[in-house]
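Inside the fold
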Amino acid sequence: QVQLVESGGGLVQAGGSLRLSCAASASGFSIDRLGWYRQVPGKQRELVATITTDSNTNYADSVKGRFTISRDNAKNTVYLQMNSLKPEDTAVYYCNAHVINSGRYKFQYWGQGTQVTVSS
């Protein structure tokens, strides 16, 4: 079973910073790619950033230079450092994990989401 527990969301003023964390428990699985996505009401969930097991990263153009994704493989935790936040960053942020079981089958899991609100 895989569980993703997110923390770190909240309310911040424009220009401020927040750090999101997502701890994964994945008994019987190995954790592959990790990532963060976000969603606002009425819109599709969109990619924010992803990171592979060897720390190759990918970012949405809208967050490049402001957000940094990182991971601690020993702790099965992925982080999203968000700086220079803008009101348009307001969304529910979801942690995403790609995992592989002993049979080499791949699965995808989502966290419960954490609200990030940036006031102008």
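This one's a predicted model, so the numbers in the text were calculated from it and none came from an experiment.

1. Side note on the overall build of the protein chain
- Counting its regular elements, the protein chain contains 0 helices and 11 strands.
- Reading the protein chain from its N terminus to its C terminus gives the helix and strand order β-β-β-β-β-β-β-β-β-β-β.
- Relative to a compact globule of 120 residues, whose C-alpha radius of gyration would be 14 Å, the protein chain shows 14 Å and is just as compact.
- Counting only C-alpha atoms, the protein chain reaches 50 × 25 × 20 Å along its principal axes.

2. Description of the nonpolar core
- Membership of the largest hydrophobic core comes to 30 residues, with the highest contact counts inside it found for Trp36, Leu80, Met82 and Tyr93.
- Within the residue set of this core, elements represented by two or more residues are strand S1 (2–7), strand S3 (18–26), strand S4 (29–39), strand S5 (46–51), strand S7 (67–72), strand S8 (77–82), strand S9 (91–101) and strand S11 (114–119).

3. Describing the packing of aromatic side chains
- Counting across every chain of the model gives 3 aromatic pairs.
- Judged by centre distance (5.9 Å) and plane angle (90 degrees), the ring pair of Phe29 and Phe107 falls under edge-to-face. Taken together, the residues Phe29 in strand S4 and Phe107 in strand S10 (residues 106–110) connect sequence positions 78 residues apart.
- For Phe107, a relative accessible area of 36% translates into the label partly exposed.
- On the basis of an interplanar angle of 75 degrees and a centroid distance of 6.3 Å, the ring pair of Phe29 and Tyr109 is categorised as edge-to-face. Separated by 80 residues along the polypeptide, Phe29 in strand S4 and Tyr109 in strand S10 bring together distant segments of the chain.

4. Topic: unusual backbone geometry
- Positive phi, close to 70 degrees, is recorded for Ser55, a residue that is not glycine.
- Position of Ser55 relative to the elements: it lies in the loop between S5 and strand S6 (57–59).
- Phi at Asn76 takes a positive value of approximately 50 degrees, unusual for a residue other than glycine.
- For Asn76, the location among the structural elements is in the loop between S7 and S8.

5. Some thoughts on the sheet that holds S7
- Strand order in the open sheet formed by 4 strands is S1-S3-S8-S7, and the pairing between neighbours is antiparallel. Of all strands in the sheet, those bounded by a partner on one side alone are S1 and S7. Across this sheet, the average inter-strand angle for adjacent strands is 15 degrees, counted without regard to direction.
- The pairing of S3 with S8 spans 6 bridges and is classified as antiparallel. In the sheet register, Leu20 faces S8, and the bridge partner there is Leu80.

6. Describing the pairing of S7
- Residues Phe67, Ile69 and Arg71 line the buried face of S7, whereas the alternating positions Thr68, Ser70 and Asp72 sit on a face that is not buried.
- Across 6 bridges, S7 lies against S8 in antiparallel orientation. Bridge pairing in S8 places Asp72 opposite Thr77.
- As consecutive antiparallel partners, S7 and S8 are separated by 4 residues, and within that stretch Asn76 has a phi angle of approximately 50 degrees, a positive value.

Criteria and thresholds
Residues numbered from 1 in each chain as written. Predicted model: local features only at pLDDT ≥ 70, side-chain atom pairs only at ≥ 80, totals over all residues. Heavy atoms only, no water. Helix = DSSP H or I, 4+ residues; strand = E, 2+ residues; numbered from the N terminus. Rg over C-alpha atoms; globule rule 2.2 N^0.38 Å. Core = buried A, V, L, I, M, F, W, Y, C linked by side-chain atoms within 4.5 Å. Buried < 20%, exposed > 50% of the residue type's maximum accessible area, 1.4 Å probe, protein only. Phe/Tyr/Trp six-rings, centres within 6.5 Å; stacked < 30°, edge-to-face > 60°. Pairing = 2+ DSSP bridges. Axes fitted to C-alpha atoms, helices over the stretch in contact; angles between N-to-C directions.

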